[in-house]
Every structure is written in C-alpha cells, then in structure tokens.
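Listed here are the chains, written in short residue letters.
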Amino acid sequence: MPDSLRYKAAIVGAAETTDLGVIPNLSTTQLHIDAAINAIKDCGIDKNQIDGIATTMSPAALAHYLGIVPRWLDNTSVGGTSFLIQVRHAAAAIAMGLCETALVVMGQSGRSRVGETSARMGATSAAGGPRGDISYPGQFESIYGTSGPTTLFGMGVLRYMEETGTTHEQLASVAVAQRKWANQVPRAMFRDLITVDDVFNSRMVCYPFHLFECCLVTDGGGALILTSAERAKDFPTNPVYILGTGESTETPVVSQMYDLTSSTAFKVSSRQAFAEAGISHADVDHLMIYDAFAHLPIYGLEDLGFVGRGEAGAFIEEGNTSPGSKLPMNTNGGGLSYTHTGMYGMFAMQEAVRQVRGEASHQVPDVKVSFCQGVGGMFMAAGSLVFTNEPPH
Amino acid sequence: MSQEGYRKPVPIPTPETQFYWDKCKEHELWVQRCDSCNHPFFYPRFHCPQCLSAEVSWFKTSGKATLWTYMINHRPVPGFEEDTPYAIAVVQLEEGPKMLTNIVGIENTPDNLVLDMPLEVVFEDATDEIAIPKFKPAG
C-alpha cells in the first residue's frame with residue numbers, strides 16, 4: 001500500500017469555463033459541463049477513459065450527462081475548499097487503483113443564480129429566514145442579524161489587529177497587492193490598479209471590511225483531470241504532479257473557533273501537505289491562498305508558517321507578495337479581483353496549474369513548486385495541495 | 001418591544017438547547033459545565049466538547065462579559081433595517097465561554113466599541129416563548 005501521495009498522481013487536464021464573470025445563459029449544471037468539456041479538450045482524452053468523478057453536486061447527474069460510467073465517486077462538500085480535498089481524494093483513489101482517471105469538476109452560478117438550488121455555503125443560516133431555524137447557526141447566530149460570510153467571516157479580525165498591531169492600511173494592502181497581479185490578467189473582473197485610499201473610499205460593507213476587501217460575486221466553473229504520475233507522460237500537456245496534500249475541519253459556527261485570530265484547519269491541513277511533499281517554505285515559488293476576504297491571506301501566511309505571528313500584514317504591505325517579489329501570491333488577482341463564484345477553491349487550483357505549466361496570464365518566472373491553500377465555509381474546513389512540474393527522480 | 005412587532009429571526013429550540021432558551025425566557029443566562037473535567041462550554045450540547053463525557057450540568061452565569069471582537073454590518077438584513085449599522089459581536093462570559101450577540105444601549109461605532117470593555121447581559125422578549133440575550137455596557 002502506498003504510504004504517501006507524493007508523486008502518485010498528476011493533473012493532465014485543466015480548464016475553466018469558456019466565459020467567466022457574468023454568465024446568465026448557463027445554469028449551474030451547464031457551468032460544470034462547460035468546464036468538464038474544456039478540460040477534456042485540454043488533454044485530448046477520450047471521455048470514456050474517465051472512470052472517476054468528484055463534484056459537490058450530484059455525481060450521478062454529471063456522469064450521466066457526460067456519458068461516463070464511473071467506478072469511483074467523491075461528493076465531499078465542505079464549502080469552497082471541497083475541490084482541493086477532492087483532488088487529494090482522487091490522488092489517493094488513483095494510487096490505490098480505485099480508478100485510473102478522475103474528473104474533479106465545479107460550476108457555480110453565484111451571480112446570476114441560474115439553477116442554484118441550495119444555500120451557497122453550508123455554514124450560514126440563510127435558509128432559516130425570518131422564522132429562524134433549528135441549526136446551531138440558526139439558533140445562535142442568525143438571530144443577531146448575520147447575513148452570510150460578509151457579516152461573520154472576518155469576525156476575528158479586530159481581535160487579531162489588536163493583538164498583533166496589524167493596521168487597517170495593511171488589511172487594505174492585500175487588495176492593493178492583488179490588483180497589481182490582476183492588472184495583467186485579461187479574464188480578471190477588476191484590473192485597474194488601486195491604492196489604499198481607494199480601498200478606504202470604497203463602500204463600508206461590514207466594518208472593518210470595505211467593498212474592495214470583499215470578494216467578487218461571479219459565475220463560472222473549472223475542471224481538472226487527474227491520472228497516475230506514470231500515465232501522465234502519455235498526454236500532450238505538461239504534467240502537474242501532486243507533491244503534497246492535506247485537509248482538516250474546524251467549526252461550522254465561526255464564533256466558536258478555537259482561536260478567532262488563527263485557523264486551526266489551515267495549520268493542520270498545510271502541515272500535512274508540507275510534510276508529504278518533503279519541502280520547506282523556501283522551496284515554494286508560487287502561493288495561492290483562498291481570499292474570500294482580505295484577512296484570509298494574512299491568516300494564511302501565518303498559519304501556513306511563511307511568516308511569524310503578526311508579521312503578515314507588514315509583509316504584504318511591503319510588497320513581498322506583489323509582482324517581482326520572492327513570494328508571488330494570488331497571481332490571478334484572487335477572489336478580490338479575478339473571480340469568486342462562492343466556492344473559489346477550483347480557481348485557486350487553476351491558477352496554480354497555469355503557473356506550474358508556465359502558461360498564466362501574469363506568469364511568474366521559473367515556477368517549479370506551487371502551494372495552494374483552500375478554505376471552506378467560514379474557517380469551517382481547509383484543504384492544501386502542493387504542485388510541481390519537476391518529474392520524479 | 002411588542003412581540004407582534006418582532007421581525008428578527010427567532011430560534012427554534014431543539015432538545016439539547018431547550019433548557020438554555022427556557023432560562024432565557026426567565027431572563028437568566030445559563031451555560032453548561034462538564035462534571036468530569038470541569039470544562040465550561042457554550043453552545044448547548046449533551047456532551048462535553050473537551051472529554052465527551054455525558055455528565056454535564058447547567059449553571060447560571062453572572063451575566064458579566066467582555067467584548068472579545070466584533071464587526072459592524074452596514075447592509076440591511078431583514079428585521080434589522082432600523083438598527084443598521086449594527087454590531088455583531090463575540091463576547092467572552094466571565095465564566096469563560098464565548099458567544100455571538102448584539103451590543104445594545106450604546107451607539108455601535110468603532111470609537112464606542114472598545115475591545116475588552118465590560119458588558120452585562122440583557123434580554124429582548126421576542127415571543128411568548130423566546131427571549132434573546134444581548135449585552136450592554138456594564139454599570
């Protein structure tokens with residue numbers, strides 16, 4: 001039995017939906033299908049060779065639409081990081097021979113809401129409505145006027161700023177830095193360069209978060225096709241090997257985090273991925289940290305161990321994650337500038353794959369190792385992946 | 001506030017939370033403590049989250065708390081239109097557990113809401129069966 005997922009599987013096909021941003025003519029299902037077909041075309045595979053499928057919607061519905069008869073399924077649904085975790089599970093399934101070629105696919109009509117049947121995130125109480133509901137968030141959060149992630153995800157930030165001396169300017173600088181990347185990404189929804197003052201002058205959504213410190217709300221999707229590292233060489237695309245993986249959960253009730261100023265799931269998930277990959281932080285050429293809100297890259301840099309406690313705000317403000325820096329982060333512009341359908345994790349992976357392949361819009365020179373960190377719900381879950389283009393020795 | 005006029009979400013108690021809401025109705029804030037490991041905890045559960053013991057007891061809190069962290073929502077939410085902007089806050093009870101709440105009795109501005117400020121519980125009667133615990137500046 002394999003004792004690690006290191007170099008057991010590789011991504012051979014990767015694609016997003018043909019359009020991105022506002023797609024009122026495609027339902028959630030059709031966004032999945034568009035992304036899946038694009039990924040199939042990307043690697044030129046006969047779709048009948050796909051024998052595993054992972055999705056947060058109905059695997060049966062997608063498999064039947066695509067005319068695929070799978071022998072491996074994964075329906076892990078823990079918010080926007082689900083797809084990173086599904087890639088991990090797909091690598092494990094391939095390593096164990098449960099399937100040979102897996103399709104991990106997502107689509108979400110987050111903006112146009114075409115065919116969206118369920119609550120966008122499992123952690124909030126939107127389904128409760130004015131009469132409340134029986135869930136823990138329904139009984140103990142929505143009664144206080146919460147309204148999804150904008151009113152809860154950043155709950156710990158003021159405490160974090162108080163304890164670390166992190167400033168509002170530094171929080172705003174996350175949006176400024178990522179816009180520098182998006183500036184050269186044609187598919188990014190927001191591309192114009194911005195300043196800290198522009199962030200402060202944008203509408204206050206939920207203090208301390210201004211509009212530019214909150215993610216976009218868009219339509220889109222993406223798909224990845226994985227197979228064994230050995231078989232990956234048979235495809236026309238350059239293999240993106242899975243080097244390390246991790247996953248964890250914390251709590252569906254954000255006020256009950258073990259520590260509101262740090263993500264336990266980030267720590268547990270990322271440590272697994274670093275250990276499995278056998279790399280140090282200095283080996284990471286490119287970093288994606290799921291940024292639904294501006295504090296997530298700050299929490300992420302610290303919880304993943306790239307900087308010490310309280311150092312991330314200054315690190316970003318001083319340009320250490322901007323174009324030309326030593327730690328390029330969120331190089332598509334992230335959820336703040338590129339796109340965010342509600343479950344962004346697939347897009348973080350797509351950008352990591354593009355960077356490792358050397359085909360990103362705002363390409364970082366000589367990327368060999370990319371670390372991709374996902375969050376699900378509001379610090380509810382986490383998934384981590386390490387990608388590389390270097391073949392196994 | 002008249003009960004007919006209460007337009008905010010109202011919780012629907014479940015077996016493990018019924019006692020909590022029954023005490024809130026009496027304008028008392030009770031949380032649980034583990035009889036095995038002495039760990040105090042919120043939200044209500046049948047088992048201690050620290051050691052999984054089913055031997056857990058309710059106790060009445062002092063109602064005193066401090067402001068741990070908060071956000072101030074500027075976008076109207078159904079039932080909260082007249083309160084906007086309003087704080088959604090996490091307070092730490094004197095006995096240890098943290099809970100989400102609203103801050104009343106003071107304009108909800110960043111200048112007014114200072115972390116660690118002392119607070120005390122008050123109750124807002126929502127229906128004949130439900131009173132919602134909120135917190136106001138102490139003293």
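The rules behind each value
Residue indices begin from 1 for each chain and proceed along its sequence in written order. The lettering of chains begins at A and the numbering of ligands begins at 1, in the order of writing. At least 70 in pLDDT is required for a residue's local features to be given in this predicted model, at least 80 for side-chain atom pairs to be given and counted, and no such filter applies to totals for whole chains, interfaces and linings, which use all residues. Working from all heavy atoms in the structure, the side-chain values ignore hydrogens and water. Between two residues, a contact is recorded if the distance between any of their heavy atoms is within 4.5 Å. Accessible area that two parts lose when put together, with a 1.4 Å probe and added across both, is what the buried area reports. Salt-bridge detection follows one rule: a side-chain nitrogen of Lys or Arg within 4 Å of a carboxyl oxygen of Asp or Glu. By convention a nonpolar core is built from buried Ala, Val, Leu, Ile, Met, Phe, Trp, Tyr and Cys residues, the set being connected through side-chain atoms within 4.5 Å. Throughout this description, buried means an accessible area under 20% of the type-specific maximum (1.4 Å probe, protein chains only), exposed means over 50%, and partly exposed covers the range between. Secondary structure elements are taken from DSSP: a helix is a run of H or I of four residues or more, a strand is a run of E of two residues or more, and numbering for both begins at the N terminus. Pairing between strands requires that DSSP locate at least two bridges from one strand to the other. The axes are straight lines fitted to the C-alpha atoms, using for helices just the contacting stretch, and the angles between their N-to-C directions are given from 0 to 180°. Of the grid points, spaced at 1 Å and generated over the protein atoms alone, those admitting a 1.4 Å probe that cannot get out make up cavities, while open sets with protein on both sides within 12 Å along at least five of seven lines make up pockets; any residue with an atom within 4 Å of a point is treated as lining. Grid points are joined across faces, edges and corners, and a volume is the space filled by probe spheres set on the points. Residues are grouped as follows: Ala, Val, Leu, Ile, Met, Phe, Trp, Tyr, Cys and Pro are nonpolar; Asp, Glu, Lys and Arg are charged; every other residue, Gly included, is polar.

A. Spatial organisation of the interface of chain B and chain A. Taken together, the 41 residues of chain B in the interface contact 38 residues of chain A. Of the roughly 3400 Å² buried where chain B meets chain A, counting both sides, 63% is carbon and sulfur surface. For chain B, the biggest contributors to the area lost against chain A are Tyr43, Met71 and Leu100 of chain B; these three give 22% of the whole. Our count for the contact surface shared by chain B and chain A stands at one salt bridge. A salt bridge links Arg159 of chain A to Asp116 of chain B; the nearest nitrogen and oxygen atoms lie 2.9 Å apart.

B. Expanded view of the nonpolar core. Residues Leu301, Met349 and Phe387 of chain A together with Leu67, Tyr70 and Phe135 of chain B are the most contacted members of the largest nonpolar core, which totals 168 residues. When residues of this core are assigned to their parent elements, the largest contribution, eight residues, is made by helix H6 (residues 168-182) of chain A. Those residues within four positions of Tyr70 of chain B in sequence are excluded, and the remaining contacts are Met155, Leu158 and Tyr207 of chain A together with Ala87, Ile88, Ala89, Thr109, Pro110, Leu113 and Leu115 of chain B.

C. Representation of the sheet that holds strand E7 (residues 219-228) of chain A in the model. Residue and element names in this part refer to chain A. Strand order across the open sheet formed by nine strands is E3-E2-E4-E7-E1-E8-E11-E10-E9, with mixed pairing between neighbours. Both edges of this open sheet fall to strand E3 (72-74) and strand E9 (286-289), since each of them pairs with a single strand only. Pairs of neighbouring strands in the sheet enclose a mean axial angle of 20°, with direction left out of account. Pairing of strand E8 (residues 240-249) with strand E11 (residues 381-388) involves eight bridges; the strand directions are antiparallel. In the strand pairing of E11, Glu247 is matched with Gly383. Each of strand E2 (52-54), E3 and strand E4 (101-109) touches helix H2 (residues 59-66); the most contacted strand, E2, lies at about 130° to it.

D. How the structure looks around empty space enclosed by the protein. The final tally for this structure, using the stated rule, is two cavities of 30 Å³ or more. Taken as a whole, the largest cavity holds about 40 Å³ of empty space. As for the largest cavity, its lining consists of Tyr136, Pro137, Phe140, Glu141, Val253, Ser255 and Gln256 of chain A together with Phe42, Tyr43 and Leu100 of chain B. Here the element with the most residues in the lining of the largest cavity is helix H4 (residues 136-140) of chain A; it accounts for three residues. Broken down by class, the residue content of the lining of the largest cavity amounts to seven nonpolar, two polar and one charged. Space inside the second largest cavity adds up to approximately 30 Å³. Mapped onto the lining of the second largest cavity, the elements with two or more residues apiece are H4 of chain A together with helix H1 (18-25) and strand E6 (98-101) of chain B. Its residues placed into classes, the lining of the second largest cavity shows eight nonpolar, one polar and no charged.

E. Up close: the environment of Ala54 of chain B. Residue and element names in this part refer to chain B. For Ala54, the position within the fold is in the loop between strand E2 (40-41) and strand E3 (56-60). For the pair formed by Ala54 and Pro44, sequence separation is 10 residues and the distance between their alpha carbons is 12 Å. Excluding residues within four positions of it along the chain, Ala54 makes contact with Phe46 and His47.

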